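# Inside the fold
Chain by chain, the residues run as shown.
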Amino acid sequence: MNSAPHKHVEKVKHVQKQVKSWNEKGRQGQMCTARPGWMAVCLREGKYKKTLQNIDVNLMDVIEVDAEKQIVRVEPLATMGQVSATLIPMGWTLPIVPELDDLTVGGLIMGVGIESSSHKHGLMQHVCEALEVVLADGNVKDNPDLFYSLFWSHGTLGFLVSADIRIVPAKKFVKLSYKPVHTFSEVVTEFEQSTLKKTGNDFVEGLMYSKNEAVIMTGIMTDEAEPDKVNVISRHYKPWFFKHVETFLQRGEDYEYIPLRDYYHRHTRSIFWQLQDIVPFGNNFVFRVLFGWLMPPKISLLKLTQGETIKRMYEKHQIIQDLLVPLSKLDSALLKFHDEIELYPLWLCPLKLPKTPGFLRCSKEDEILVDIGAYGSPKTKHYHAYDTTRRLEKFLLGANGIQMLYADSYLTREEFRQMFDHSLYDKMRAKLNCSDAFPEIYDKVNRSARD
């Protein structure tokens, strides 16, 4: 009901009016967006929503697709499902389309966005061409320093109101090849080789099902497909994608063709594999046929209806983390994960990190990192939410890794500054007079700032 792409300028003026009114009233209290915490995909809700000045930033549209410039202009609350549904029928796609339908453009830019094409294109920030931001004084400005400082800033420099993102030609299918591996060394070697292959792989992803078993997937976009090898995985009666992939451990090496949009959102129906803890019978064939169309429940609905007891149980028995480690440290990182949490499946996704100004430290040009995603209930008897996460964070610091900040972070302020380069961020905070306008990143993402 709030969709109005032709009223973008008017909606931006509404944001500016609120911020200028806040200035006129003497800057009483810091600001944040008015979007309720339960609507975010992040597991926790920010306590700051209840104490800061809430600014209504209700912008949720795809504004324009410019085929000549190969740019799509979108508002921050537009979702990945919405963007892919708009672009693909027009013959275009984003270079990076993070998997879950409800992930928003704003969250992926001001936070982080990664996908199995990131080994070629980097993170969501690396495919952005321009950002439109309402600053603490209520004005909209742009300069190169501001552009690079906004990524990972979590709304602590201004309010994102639109983004120009690069688009590339889309094809009808992804030819997805499955390579099962059955030893730990083979997991690491096959994943490294697939990632570093110079040509031929548009997508690279790994799912580990145990310490010694994984399926490494490589994909190529194509317009041609063998009819008997096409698999429309989005149909409600189809097995959850991670369960489908697991069958290749027994079936052996093979390939199939998946429609492009189905491939992009392959982990949505089962929320990767977290839905098996919420609806244990959800992948049962009878349930899928009769009720699979109901899946998945909205993450926002799950958060909104959680009682305190359920929240405490999740905190005590579940871990949700994405940790980025250099490709050269993948073997030691996987062993550390096994010792600390023994949680499978694990998600492996490679990414190229260009050496650009901003929040992320990069030791060399186009460094290759691997996102190790752990979602679910650890099997180790010694698992403890705080203690285990702290050990993983200290390992990450020693490995020159990066913690995604949507998840629980217990880093001290000093460790946080060690992990992330604050030089440009601090410069822009001072230049834009942000200290009394927005909290620092650490004060929004640290576990102590969340319910």
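Residues numbered from 1 in each chain as written. Predicted model: local features only at pLDDT ≥ 70, side-chain atom pairs only at ≥ 80, totals over all residues. Heavy atoms only, no water.

### Examining the packing of helix α6 (residues 184-196) against helix α14 (residues 330-340)
Quick reminder of the rule: Helix axes are fitted only over the stretch in contact, all axes being lines through C-alpha atoms; the angle between N-to-C directions runs from 0 to 180 degrees. The secondary structure listing takes helices from DSSP runs of H or I that are at least 4 residues long and strands from runs of E that are at least 2 residues long, numbered from the N terminus. Orientation is classified from the angle alone, with under 35 degrees giving roughly parallel, over 145 giving roughly antiparallel, 65 to 115 giving roughly perpendicular, and any other angle giving oblique. Crossings are classed by handedness, with left-handed meaning an anticlockwise turn of the near helix from the far one by less than a right angle and right-handed meaning a clockwise turn. Contacts between residues were defined by any pair of non-hydrogen atoms, one from each residue, lying within 4.5 Å. All residues other than Ala, Val, Leu, Ile, Met, Phe, Trp, Tyr, Cys, Pro, Asp, Glu, Lys and Arg, Gly among them, are scored as polar; the first ten of these are nonpolar and the last four charged.
As a packed pair, α6 and α14 sit with axes 10 Å apart at the nearest point and diverge in direction by 135°. If you check the angle between α6 and α14, you find them oblique. Considering how the two elements wind past one another, α6 and α14 form a crossing that is right-handed. Listed contacts from α14 to F184, V188 and F191 of α6 are L330, D331, L334 and L335. For the contact of α6 with α14, the residue count by class is six nonpolar, no polar and one charged.

### Some words on the side chain of S118
The criterion, for reference: Between N or O atoms, a polar contact is any pair within 3.5 Å; within protein, one atom must be a potential hydrogen donor and the other a potential acceptor, and residues adjacent in sequence are included only when both atoms are from side chains.
Relative to the helices and strands, S118 is located in helix α4 (residues 118-121). A distance of 2.8 Å separates a polar atom in the side chain of S118 from the backbone oxygen of G122. In this structure S118 touches I96, P350, L351 and K352, once residues within four positions along its chain are discounted.

### Notes on the packing of α14 against helix α15 (residues 385-398)
Orientation of α14 relative to α15, taken along the N-to-C sense of each, is 170°, at an axis distance of 11 Å. Comparing the axis directions of α14 and α15 gives the class roughly antiparallel. Contact residues: S332, A333, K336, F337 and E340 in α14; T388, R391, L392 and F395 in α15.

### Structural notes on the packing of aromatic side chains
Operational definition: Only Phe, Tyr and Trp rings take part, Trp by its six-membered ring, and two of them pair if their centres are within 6.5 Å. Stacked means planes under 30 degrees apart, edge-to-face means over 60, and tilted covers everything else. A 1.4 Å probe rolled over the protein chains alone gives each residue an accessible area, and that area as a share of the maximum for its type sets the label: buried under 20%, exposed over 50%, partly exposed in between. Think of it as a cone above the ring: NZ of Lys or CZ of Arg counts as a charge over the ring if it is within 6 Å of the ring centre and within 35 degrees of the ring normal.
Tallying each qualifying case throughout the model produces 23 aromatic pairs. Relative to Y257, the ring of Y255 lies with its centre 6.1 Å away and its plane at 85°, an arrangement referred to as edge-to-face. Judged by centre distance (5.7 Å) and plane angle (45°), the ring pair of F287 and F291 falls under tilted. Of this pair, F287 and F291 both sit in helix α11 (residues 285-291), separated by four residues, roughly a single helical turn. According to the relative accessible area criterion, F287 is buried, its value standing at 15%. A network of ring pairs unites the aromatic residues W152, F359, F416, F420, Y425 and Y442 as a single cluster. Here K229 stacks its cationic end above the ring of Y255, 4.5 Å away from the centre of that ring. Above the face of the F248 ring, R251 is positioned so that its terminal group lies 4.1 Å from the ring centre.

### A look at the sheet that holds strand β14 (residues 346-353)
We count it as follows: At least two DSSP bridges between two strands are needed for those strands to be called paired.
Reading across the sheet, the eight strands line up as β12-β9-β11-β10-β14-β15-β13-β16 and stay open at both edges, with antiparallel pairing between neighbours. What marks the edges here is a single partner per strand, and that holds for β12 (254-259) and β16 (402-403). Strand direction decides the pairing type here: strand β9 (residues 173-181) and strand β11 (residues 213-222), joined by nine bridges, are antiparallel. In the strand pairing of β11, V181 is matched with A214. In this fold α14 packs onto β10 (203-210), β13 (319-326), β14 and β15 (367-376), with an angle of close to 15° to the strand it touches most, β15. With respect to the sheet, α15 is in contact with β13 and β16, its orientation differing from that of β13 by roughly 15°.

### Here we look at the pairing of strand β3 (residues 62-66)
As paired elements, β3 and strand β4 (residues 71-74) share four bridges and run antiparallel to each other. Bridging across to β4, V65 finds its partner in V72. Joining the antiparallel neighbours β3 and β4 is a turn of four residues, in which Q70 adopts a positive phi near 55°.

### As for the domain arrangement of the protein
For interface size, the figure often reported is the accessible area lost on association. What counts is decided by this rule: Here the bounds of each domain stem from an automatic or database domain assignment. Summed over both partners, the accessible area (1.4 Å probe) lost when two parts come together is defined as the buried area. In the sections that follow, a salt bridge refers to a side-chain nitrogen of Lys or Arg positioned within 4 Å of a carboxyl oxygen of Asp or Glu.
The domain boundaries assigned to the protein delineate domain 1 (5-169 + 430-445), domain 2 (173-297) and domain 3 (312-422). If you average the C-alpha positions of domain 1 and of domain 3, the two centres end up 24 Å apart. Across the boundary between the two partners, domain 1 contributes 24 residues, which contact 29 residues of domain 3. When domain 1 packs against domain 3, the two sides together hide about 2300 Å² of surface, and 67% of this comes from carbon and sulfur. Viewed at the interface, domain 3 and domain 1 are joined by three salt bridges. For R413, the salt bridge identified is with D443, shortest N-O distance 2.8 Å. The tally of links between domain 1 and domain 3 comes to six residue pairs in polar contact (both at pLDDT 80 or more). For the side of domain 1 that touches domain 3, the secondary structure elements donating two or more residues are α4 and α18 (441-445). Tallied by class, the residues present in the side of domain 1 that touches domain 3 amount to 11 nonpolar, seven polar and six charged.

### Quick word on the nonpolar core
As a reminder of what qualifies: The nonpolar core is taken to be a set of buried Ala, Val, Leu, Ile, Met, Phe, Trp, Tyr and Cys residues, with the residues joined through side-chain atoms within 4.5 Å.
Counting residues in each nonpolar core, the largest one holds 135 residues, and the members touching the most others are L94, I109, L131, W152, I165 and I372. With sequence-adjacent residues up to four places away left out, I165 is seen in contact with Q70, I71, V72, V74, L94, V105, I109, V127 and C128.

### Observations concerning the sheet that holds strand β7 (residues 159-166)
If you trace the four strands from one edge of the open sheet to the other, you get β3-β4-β7-β6, paired in antiparallel fashion. Each end of this open sheet is capped by a strand with a single partner; those strands are β3 and β6 (128-134). Going across the sheet, the axis of each strand differs from the next one's by a mean of 15°, ignoring polarity. Where β4 lies against β7, four bridges are found, and the strand directions are antiparallel. Paired with V74 across the strands is A163, a residue of β7.

### Notes on α15
Along an α-helix, residues three or four apart share an orientation, since each turn contains 3.6 residues. To keep it simple, the criterion reads: Expected helix span is computed as 1.5 Å times (number of residues minus one).
An ideal rise of 1.5 Å per residue puts 20 Å on 14 residues; α15 measures up with 20 Å between its terminal C-alpha atoms. Those residues of α15 that sit buried are A385, T388, T389, R390, L392, E393, L396 and L397. Positioned one or two residues after α15, N400 has a phi angle of 55°, which is positive.

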